[in-house]
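Coordinate inspection notes
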Protein chains: 2
Amino acid sequence: MKMISGGVCAAQGFSAGGIHMGVKTHATWKKDVALIVSDCTCSAAAVYTKNKVKAAHIYVDMDHLSNGTARAAVINSGNANACAPHGEENAIRMCAAVAKEVGCDVKDVVAASTGVIGQTLNIAAIEAGMPELYKSLSAGEDGSDAAAHAIMTTDTVIKEAAVETTVGGKTVRMGGIAKGSGMIHPNMGTMLCFLTTDCAISPAMIKEALLETVNVSFNRISVDGDTSTNDTCCVMANGMAGNAIITEKNADYAALVQALRELCIKLAIAMAADGEGAKHLITCTVNNAETEAKAETISKAVICSTLTKAAIFGCDANWGRVLCAMGYSGEDFDPTKVSVWFESKAGSILVCKDGEGLEFDEDLAKAILTEHDVVIRIDLGEGSESCTCWGCDITYDYIKINGDYRT
Amino acid sequence: MKMISGGVCAAQGFSAGGIHMGVKTHATWKKDVALIVSDCTCSAAAVYTKNKVKAAHIYVDMDHLSNGTARAAVINSGNANACAPHGEENAIRMCAAVAKEVGCDVKDVVAASTGVIGQTLNIAAIEAGMPELYKSLSAGEDGSDAAAHAIMTTDTVIKEAAVETTVGGKTVRMGGIAKGSGMIHPNMGTMLCFLTTDCAISPAMIKEALLETVNVSFNRISVDGDTSTNDTCCVMANGMAGNAIITEKNADYAALVQALRELCIKLAIAMAADGEGAKHLITCTVNNAETEAKAETISKAVICSTLTKAAIFGCDANWGRVLCAMGYSGEDFDPTKVSVWFESKAGSILVCKDGEGLEFDEDLAKAILTEHDVVIRIDLGEGSESCTCWGCDITYDYIKINGDYRT
């Protein structure tokens, strides 16, 4: 298995595009609708936010994906179509506009929205612009790039990735595009992420693969602890790689899941690193825990701690905040067995051993924390399980972006 | 019952003070040790943080209060004495230094610390300074003020309050001092808060009264979602009001609890309003819920939402973030029955009705949210229970304060 360049068009038989249609009214140069189309019908699955308040597209997609197949995905940015008048009606009209161009059933189209909550979606603009978007589709990297751009809100960079692996003797590719970058604290579902693969796999198995992958990738990142109303991760597998179709959890399934996991972790890390206003990617690894679940809960508490995030922003080796966050995580552990390191490419420094502070070189600590990618490594000293979660620091820019998000 | 001026010296027989001893090394003009002494032994009780990582003083206080009595309380700021070498030994030495001056048993002294985690407490400075602090004690308001100043860390104002009520035909007073202002997300225990009263009440009953009061006051505020390692709320009742001692849950007990609740809510609100860097006090009231517990969970989710806090900082009526926070609170409710208002002394505006956005006057909304005290009022439309929680906005100053807290 290897990472390759590209995104949703890396796999055979997928084309994509993105243009400005007028959903975003404040910047006419910003793309705001993306489209991904497969040459043939795909096995498809999606997971969604567990927020009680859900965007309209989620109810529509649950219906459209109930038979496990899809042909195309359409995504708008600039409007969440959540708590908005005519929400489901407009989500269905988005799908219908695509179905008309592609020549498929409206139920073989999935939709997603991201942006401001509570405002009516400009569906007329989307319907009017769909023929142009369909004509713009490309199976090259420019197609994926355009789609990745069109789903951005406060993201500063596009997020796309692709991998290649071998399944049943055939070369299989898969790729994806994703967007952050605020209201990111995925819970079971995740933020907007669209994945494509040419692997042949049944609807039931691609759904299973997606579920187990999301739990160890997107569900392990947080930008601000706010679980969105719109989180959606959708995968489409069109079978054009020609491998024997995967219908059970065999070696081929394992190979697919391994590739899917690498892909999703890469996209998840990109989302954390581009968290709103972020200056640092924070990786927190908890080692030697009794269980992976405990390591995950503690790691998540650390990356979600506002005080820890502020300390990393200030390049301040304030490990007391790490201990504090661990302590309120709800997990049971022995504080007197805990060790903590701060690490980056500038070095590694042990700041707390057996639950007590150590004298350490403040200059080295500062140098380590000045790097963009910072690791907080924790040893619980009680077992052999590990887990890593990813987050980012909280900055003046985060406050600025979110103090005036609607205008 | 009425609010009166003063703090921990409002009740008969209590004196207090605070001086600089050298625990805070960066500002010699800042008071850093406070002392509260009763003329006679008190019924006393305390509640503490539920953080798994606890400051050393908490273990010492649990022991010292196991018999339900106390004579004095000593508190230092500038050092949390948590995860620090010789933690419990130094907390006991703080108590012993007080016992020597007061002439009481070391076990009748409770201690508390607040400040940086993981550094060794300068106990020698505290022992050397105790005679001077004891000499400085005053039973007037200046005594309470000095103590309230000495427990401040990043607080910008002192927090003290007092009430007067009638219990068993006698005038009873109670008062308290408290400090915030970051790492505030009390869980069962609370931040540093010391309460005194001249009411006669048994140790068992004052403990019971404290527990039920803390749950509806300090446990309903949050500044940053970080539950401290040091949270401590302690009450001392010296009986000098001369009322018949309260030993059961009778009408006298009810009168005491009512007064204690008012006092604690006032101190809790002061803590939320002075959250680190805060420009706004945010009050969130959830009405017409099925249960008070549900109203509380939803209200807390709203005041803890980083995105909602950032929107209030920007005076932006972004109610979608309120709905979003409600949705991930974990509580079950029907989003299509929810209404949301923003309110302040500048007016009231309904922004969401039955789960959908309304057109509203943006200028009025801005004027309402520009006020310091802002209310988010939510109607769940499903029952008749209510709850109010208090928080604050997140600002550039919060990031600034916490990016460089240790230095």
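Our next topic: the pairing of strand β6 (residues 159–167) of chain B. All names here are of chain B. Here β6 lies mainly inside the structure; seven of its nine residues are buried. Pairing analysis gives three bridges linking strand β1 (residues 2–4) to β6, with the strands arranged antiparallel. Along β6, the bridge assignment pairs Met 3 with Val 163. Where β6 and strand β7 (residues 170–178) come together, nine bridges link them in antiparallel fashion. By the bridge assignment for β7, Ala 161 is matched with Gly 176. Where β6 folds back onto β7 in an antiparallel hairpin, the turn is made up of two residues, including Gly 168, whose phi is positive at roughly 55°.

Turning next to the pairing of strand β3 (residues 33–48) of chain A. Regular strands show a simple pattern: their side chains alternate between the two faces of the sheet. Residues and elements named next belong to chain A. In terms of residue burial, β3 counts as a mostly covered element, since 13 of its 16 residues are buried. Across six bridges, strand β2 (residues 14–19) lies against β3 in antiparallel orientation. Looking at the pairing, Ser 15 lines up with Val 37 of β3. When β3 meets strand β4 (residues 69–79), the two strands line up antiparallel, connected through seven bridges.

Turning our eyes to something else, we now look at the pattern of salt bridges. Under the counting rule described, the total for this entry stands at 34 salt bridges over all chains. Close ionic contact of Glu 371 of chain B with Lys 345 of chain B constitutes a salt bridge, the shortest N to O distance being 3.9 Å. Of this pair, Glu 371 of chain B sits in the loop between α10 (362–370) and β14 (373–379) while Lys 345 of chain B sits in the loop between β11 (339–344) and β12 (347–353); the two residues are 26 residues apart in sequence, bridging distant segments of the chain. Glu 371 of chain B sits in the partly exposed class, given a relative accessible area of 24%. Of the residues examined, Lys 345 of chain B reaches a relative accessible area of 77% and is grouped as exposed. Connected through shared salt-bridge partners, Arg 220, Glu 292, Glu 296 and Lys 300 of chain A make up one network.

One key point about sheets: their strands pair by backbone hydrogen bonds, in either a parallel or an antiparallel sense. Spatial ordering of the open sheet is given by β13-β12-β11-β14-β10-β15 (chain B), a layout of six strands whose pairing is mixed. If you trace the sheet from one side to the other, it starts and ends with β13 (356–357) and β15 (385–392) of chain B, each paired once.

We now examine unusual backbone geometry. A positive phi angle, near 45°, is found at Asn 81 of chain A, a position not held by glycine. Of note, Asn 81 of chain A is situated in the loop between β4 and α2 (87–102). The phi dihedral of Asn 288 of chain B falls on the positive side, at around 55°, and the residue is not glycine. Here Asn 288 of chain B is to be found in strand β10 (residues 281–289).

Attention now goes to the interface of chain B and chain A. Interfaces are often described in size by the accessible area the parts lose on coming together. If you look at the interface, chain B gives 54 residues, while chain A gives 55 residues. Both sides of the chain B and chain A interface together cover about 4400 Å² of buried area, and 58% of this is carbon and sulfur. Inspection of the chain B/chain A interface yields two salt bridges. Here Lys 52 of chain A makes a salt bridge to Asp 332 of chain B, at a shortest N to O gap of 2.6 Å. Viewed at the interface, chain A and chain B are joined by 12 residue pairs in polar contact (both at pLDDT 80 or more). Of the residues forming the side of chain B that touches chain A, the biggest block, six residues, is contributed by helix α11 (residues 396–403) of chain B. In terms of residue class, the side of chain B that touches chain A is made up of 23 nonpolar, 17 polar and 14 charged.

Attention now moves to the environment of Val 47 of chain B. Following the sequence through the fold, Val 47 of chain B ends up in strand β3 (residues 33–48). Residues Val 47 of chain B and Val 235 of chain B lie 188 residues apart in sequence; the distance between their C-alpha atoms is 9.2 Å.

Mapping chain B onto chain A calls for a rotation angle of 180° and an axial translation of 0.0 Å; the resulting RMSD is 0.0 Å. Both chain copies can therefore be described as sitting about a two-fold axis. Across chain B, the smallest distance between a C-alpha and the rotation axis is recorded for Tyr 396 of chain B, namely 2.6 Å. Take the interface residues of chain B: 100% of them recur as interface residues in chain A, which is what a same-surface contact looks like.

Throughout the structure, instances matching the rule amount to zero disulfides over all chains. Summary of cysteine pairing: Cys 233 of chain A is not part of a disulfide, and the nearest cysteine sulfur, belonging to Cys 193 of chain A, is at 4.0 Å. Residue classification places Cys 233 of chain A among the buried residues on the basis of a relative accessible area of 0%. Left without a disulfide partner, Cys 9 of chain B is nearest to the cysteine sulfur of Cys 42 of chain B, which lies 12 Å away.

Counting through the fold element by element, Thr 285 of chain A comes out in strand β10 (residues 281–289). Ignoring anything within four residues of it in the chain, the contact list for Thr 285 of chain A reads Ile 376, Arg 377, Ile 378, Cys 387 and Thr 388 of chain A.

Take the packing of helix α11 (residues 396–403) of chain A against helix α8 (residues 306–313) of chain B next. Between α11 of chain A and α8 of chain B, the shortest axis-to-axis distance is 7 Å and the interhelical angle comes to 75°. Compared by their axis directions, α11 of chain A and α8 of chain B come out roughly perpendicular. Touching Tyr 398, Ile 399, Asn 402 and Gly 403 of chain A of α11 of chain A are Thr 306, Leu 307, Ala 310, Ala 311 and Phe 313 of chain B, all from α8 of chain B. Tallied by class, the residues present in the contact of α11 of chain A with α8 of chain B amount to six nonpolar, three polar and no charged.

Here the focus is the sheet that holds strand β12 (residues 347–353) of chain A. All names here are of chain A. Taken together, the six strands give an open sheet; going across it, the order is β13-β12-β11-β14-β10-β15, and neighbouring strands pair in mixed fashion. Edge strands, defined here as strands with exactly one partner in the open sheet, are β13 (356–357) and β15 (385–392). Relative to strand β14 (residues 373–379), β10 is paired through seven bridges, and the arrangement is parallel. Each bridged residue has a counterpart across the sheet, and for Thr 283 the counterpart in β14 is Val 375. Along the sheet, helix α6 (residues 251–273) contacts β10 and β15; its crossing angle with β15, the most-contacted strand, is approximately 45°. Relative to the sheet, helix α10 (residues 362–370) contacts β11 (339–344), β12 and β14, its axis offset from that of β12 by approximately 120°.

Here we take up the packing of aromatic side chains. We describe a pair of aromatic rings using the distance from one ring centre to the other and the angle between the two ring planes. Applying the stated criterion across every chain yields a total of three aromatic pairs over all chains. Pairing Phe 313 of chain A with Tyr 396 of chain A gives two aromatic rings, centres 5.3 Å apart and planes at 80°, and the pair type is edge-to-face. Linking Phe 313 of chain A in helix α8 (residues 306–313) with Tyr 396 of chain A in helix α11, this pair joins segments that are 83 residues apart in sequence. Residue Tyr 396 of chain A is classed as partly exposed on the basis of its relative accessible area of 31%. Arranged with centres 6.0 Å apart and planes meeting at 75°, the rings of Tyr 396 of chain A and Tyr 396 of chain B form a pair that is edge-to-face. Of this pair, Tyr 396 of chain A sits in helix α11 while Tyr 396 of chain B sits in helix α11, which puts the two residues in different chains. Site record: aromatic cluster; members linked through ring pairs are Phe 313 and Tyr 396 of chain A together with Phe 313 and Tyr 396 of chain B. Across the ring face of Trp 341 of chain A, the terminal group of Arg 377 of chain A is positioned such that the distance to the ring centre comes to 4.1 Å.

Moving on, we get to the confidence of the model for chain A. The predicted model of chain A averages 92 in pLDDT, with 98% of residues at 70 or higher. Both scores are given for the predicted complex: the pTM is 0.84, the ipTM 0.82.

Structurally, Cys 233 of chain A can be placed in strand β9 (residues 232–237). As for Cys 233 of chain A and Leu 210 of chain A, which are separated by 23 residues in sequence, their C-alpha atoms are 8.5 Å apart.

Next up on the list: α10 of chain B. Residue and element names in this part refer to chain B. Buried within α10 are the following residues: Ala 365, Ile 368 and Leu 369. Along α10, the residues classed as buried sweep out an arc of 90° about the axis, all on the same side. The exposed set on the far side of α10, more than 90 degrees from its buried face, consists of Asp 363 and Thr 370. Packing partners of the buried residues in α10 comprise α8, β11, β12 and β14.

The rules behind the values
- Residues numbered from 1 in each chain as written.
- Chains lettered and ligands numbered in written order.
- Predicted model: local features only at pLDDT ≥ 70, side-chain atom pairs only at ≥ 80, totals over all residues.
- Heavy atoms only, no water.
- Buried < 20%, exposed > 50% of the residue type's maximum accessible area, 1.4 Å probe, protein only.
- Helix = DSSP H or I, 4+ residues; strand = E, 2+ residues; numbered from the N terminus.
- Pairing = 2+ DSSP bridges.
- Salt bridge = Lys/Arg side-chain N within 4 Å of Asp/Glu carboxyl O.
- Contact = heavy atoms within 4.5 Å.
- Buried area = accessible area lost by both parts, 1.4 Å probe.
- Polar contact = N/O pair within 3.5 Å; in protein donor to acceptor, adjacent residues only side chain to side chain.
- Nonpolar A, V, L, I, M, F, W, Y, C, P; charged D, E, K, R; others polar.
- Least-squares fit on C-alpha atoms with pLDDT ≥ 70 in both.
- Disulfide = S-S within 2.5 Å.
- Axes fitted to C-alpha atoms, helices over the stretch in contact; angles between N-to-C directions.
- Parallel < 35°, antiparallel > 145°, perpendicular 65-115°, else oblique.
- Phe/Tyr/Trp six-rings, centres within 6.5 Å; stacked < 30°, edge-to-face > 60°.
- Lys NZ or Arg CZ within 6 Å of the ring centre and 35° of its normal.
- pLDDT = per-residue confidence, 0-100.
- Arc of directions from axis to C-beta.

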